[in-house]
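Structural features, examined
In case you want the letters, here they are:
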Amino acid sequence: MTRLNKLVIASNNQGKLRELQAMLTPLGIEVFTQAQLGISEAEEPHPTFLENALAKARHASAVSGLPALADDSGICVAALNGAPGVLSARYASGQHAVDTRSHSKITDQQNNEKLLRDMQGIADRRAHYYCVLALVRSANDPQPIIAEGEWHGEIAMQARGEGGFGYDPIFWLPELGKMSAELTRDEKAQISHRALALKILLGRLNSMLKND
Ligand code: IMP
């Protein structure tokens, strides 16, 4: 395998881009975003995080000719049978169809308000963030590198905190006594679902490079 020194991240989510860039740049990997390379957003039509991540990575790699890393992530609430799940970014649209272009019209605040409404009167507040990362070295890579991470917490009763993005103002971490939106960027980058998935991905990459 050739040295992985350039990578396109197949995401337009500013929060995720900041977090992934902060973790990859210190490793000497030159990171491009798909927006920088003029790559359009891929559809995310699949019912699983894994299939959506692979679809995004393949698309970015096919268009750029570079290795591509995509993440698909979301929040899964135990009492809601795993919802919002793959629909996390567009939960408040009430839409179960596939039109990912409507993403940007839904705000984090609308999603949080809907989730708090749906959780009214529910005592079981358990939830977890899930992240899967898929790295393809080419669009037809038969052996993508896959890594997953989970971060467990609870859905709070009301929003608090200014940090992070998405559901962070309502994601309560009982062991820390804080919302994830009350963590610093560095603190979140140590323990989040994405950080865990990335740590696993980097471990796999390193052992592949050693065996090369
Ligand atoms: P994706 O862009 O399809 O992967 O959608 C991910 C969505 O899940 C985001 O728009 C957020 O709503 C939610 N999400 C994923 N990771 C996080 C996180 O670290 N904090 C808060 N919300 C997150």
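First, a word on scope: everything that follows refers to the structure included in this document. (Residues numbered from 1 in each chain as written. Predicted model: local features only at pLDDT ≥ 70, side-chain atom pairs only at ≥ 80, totals over all residues. Heavy atoms only, no water.)

1. Some words on the overall build of the protein
For clarity, the threshold we go by: By definition, any uninterrupted DSSP run of H or I lasting at least four residues is a helix, any uninterrupted run of E lasting at least two residues is a strand, and each is numbered from the N terminus. Only heavy atoms enter the contact rule, under which two residues are in contact if any of them lie within 4.5 Å. Asp and Glu are treated as the negative residues and Lys and Arg as the positive ones, with His and the ends of the chain left uncounted. Charge placement uses NZ in Lys and CZ in Arg. For Asp and Glu, CG and CD serve respectively.
Counting its regular elements, the protein contains five helices and seven strands. In sequence order, the protein lays out its α and β elements as β-α-β-α-β-α-β-β-β-β-α-α. Taking the principal axes of its C-alpha atoms as reference, the protein extends roughly 55 × 35 × 25 Å. Residue pairs in contact within the protein that sit at least 24 positions apart in sequence constitute 59% of those at least 6 positions apart. Of the side chains in the protein, 22 bear a positive and 24 a negative charge, and the two mean positions are spaced by 2 Å.

2. Some points on the packing of aromatic side chains
Selection rule: Note on aromatic contacts: the rings of Phe and Tyr and the six-membered ring of Trp form a pair at centre separations within 6.5 Å, being stacked when their planes are under 30 degrees apart, edge-to-face when over 60 apart, and tilted otherwise. Here, over-ring charges are defined by two tests on the NZ atom of lysine or the CZ atom of arginine: distance to the ring centre within 6 Å, and angle to the ring normal within 35 degrees.
Summed over all chains, the structure comprises four aromatic pairs. Taken together, the aromatic side chains of Tyr 129, Trp 151 and Phe 171 make up a single cluster linked through ring pairs. It is Lys 114 that lies over the ring of Tyr 91; its NZ or CZ is 4.8 Å from the centre.

3. Regarding the pairing of strand β5 (residues 145-155)
In summary, the side chains of a regular strand alternate between the two faces of the sheet. Cut-off, in case you're wondering: In short, DSSP must find at least two bridges between two strands for them to pair.
Pairing geometry for strand β4 (residues 126-136) and β5, over ten bridges, is antiparallel. The residue bridging His 128 from the neighbouring strand is His 152, located in β5. Across two bridges, β5 lies against strand β6 (residues 171-173) in antiparallel orientation. The residue of β6 that forms the bridge with Ile 155 is Phe 171.

4. Some words on the site of the ligand
Defined as follows: Residues are labelled near a given molecule or strand when at least one of their non-hydrogen atoms is within 4 Å of it. Distance and chemistry together define a polar contact, namely a pair of N or O atoms within 3.5 Å, with one atom able to donate a hydrogen and the other to accept it when in protein, and with adjacent residues in sequence counting only for side-chain atoms on both sides. All accessible areas in this document rest on Shrake-Rupley with a 1.4 Å probe, and a residue is counted as covered only by the protein chains that are shown. Three categories are distinguished: nonpolar for Ala, Val, Leu, Ile, Met, Phe, Trp, Tyr, Cys and Pro, charged for Asp, Glu, Lys and Arg, and polar for the others, with Gly belonging to the last.
Taken together, 17 residues are adjacent to the ligand, and Lys 16, Glu 44, Asp 168, Lys 188 and Arg 194 come closest. Within the side chain of Glu 44, an N or O atom sits 2.9 Å from an oxygen atom of the ligand. Contacts to the ligand include Ser 73, whose backbone N or O atom sits 3.1 Å from an oxygen atom. Compared with its free state, where it exposes 490 Å², the ligand has 95% of that area covered by protein. Secondary structure elements with two or more residues in the shell around the ligand: β3 (68-77) and α5 (193-210). It is β3 that provides the largest number of residues to the shell around the ligand, a total of three residues. Here the residues of the shell around the ligand are counted per class, giving four nonpolar, six polar and seven charged.

5. Some details on the environment of Tyr 167
Within the fold, Tyr 167 resides in the loop between β5 and β6. As a C-alpha pair, Tyr 167 and Gly 74 span 93 residues in sequence and 9.0 Å in three-dimensional space. Apart from residues no more than four positions distant in its own chain, Tyr 167 is found in contact with Ile 75, Pro 84, Ser 88, Tyr 91, Asn 111, Asn 112, Leu 115 and Tyr 129.

6. As for the nonpolar core
What counts is decided by this rule: The nonpolar core is taken to be a set of buried Ala, Val, Leu, Ile, Met, Phe, Trp, Tyr and Cys residues, with the residues joined through side-chain atoms within 4.5 Å. A 1.4 Å probe rolled over the protein chains alone gives each residue an accessible area, and that area as a share of the maximum for its type sets the label: buried under 20%, exposed over 50%, partly exposed in between.
Membership of the largest hydrophobic core comes to 21 residues, with the highest contact counts inside it found for Leu 7, Leu 24, Leu 69, Leu 133, Leu 135, Leu 198 and Leu 201. For this core, the secondary-structure elements that each account for two or more residues are β1 (6-9), α1 (14-24), β4, β5 and α5. Apart from residues lying up to four places away in sequence, Leu 69 is in contact with Leu 7, Val 8, Ile 9, Ala 10, Leu 24, Leu 133, Ala 134, Leu 135 and Leu 201. Counting 17 residues, the second largest nonpolar core, distinct from the first, contains Val 8, Ala 10, Ala 57 and Leu 66.

7. Describing the sheet that holds strand β7 (residues 178-179)
Note the cut-off: Helix axes are fitted to C-alpha atoms over the stretch in contact, other axes to C-alpha atoms as well, and angles between N-to-C directions run from 0 to 180 degrees.
Reading across the sheet, the seven strands line up as β2-β1-β3-β4-β5-β6-β7 and stay open at both edges, with mixed pairing between neighbours. Looking along the sheet, the strands with just one partner apiece sit at the ends: β2 (30-33) and β7. Sheet contacts for α1: β1, β2, β3 and β4; angle to β1, the most-contacted strand, approximately 165°. Contacting β1, β3, β4 and β5, helix α2 (residues 49-64) crosses the sheet at an angle of about 155° to β3.

Such coordinate-based values are descriptive only and should not be taken to indicate function.
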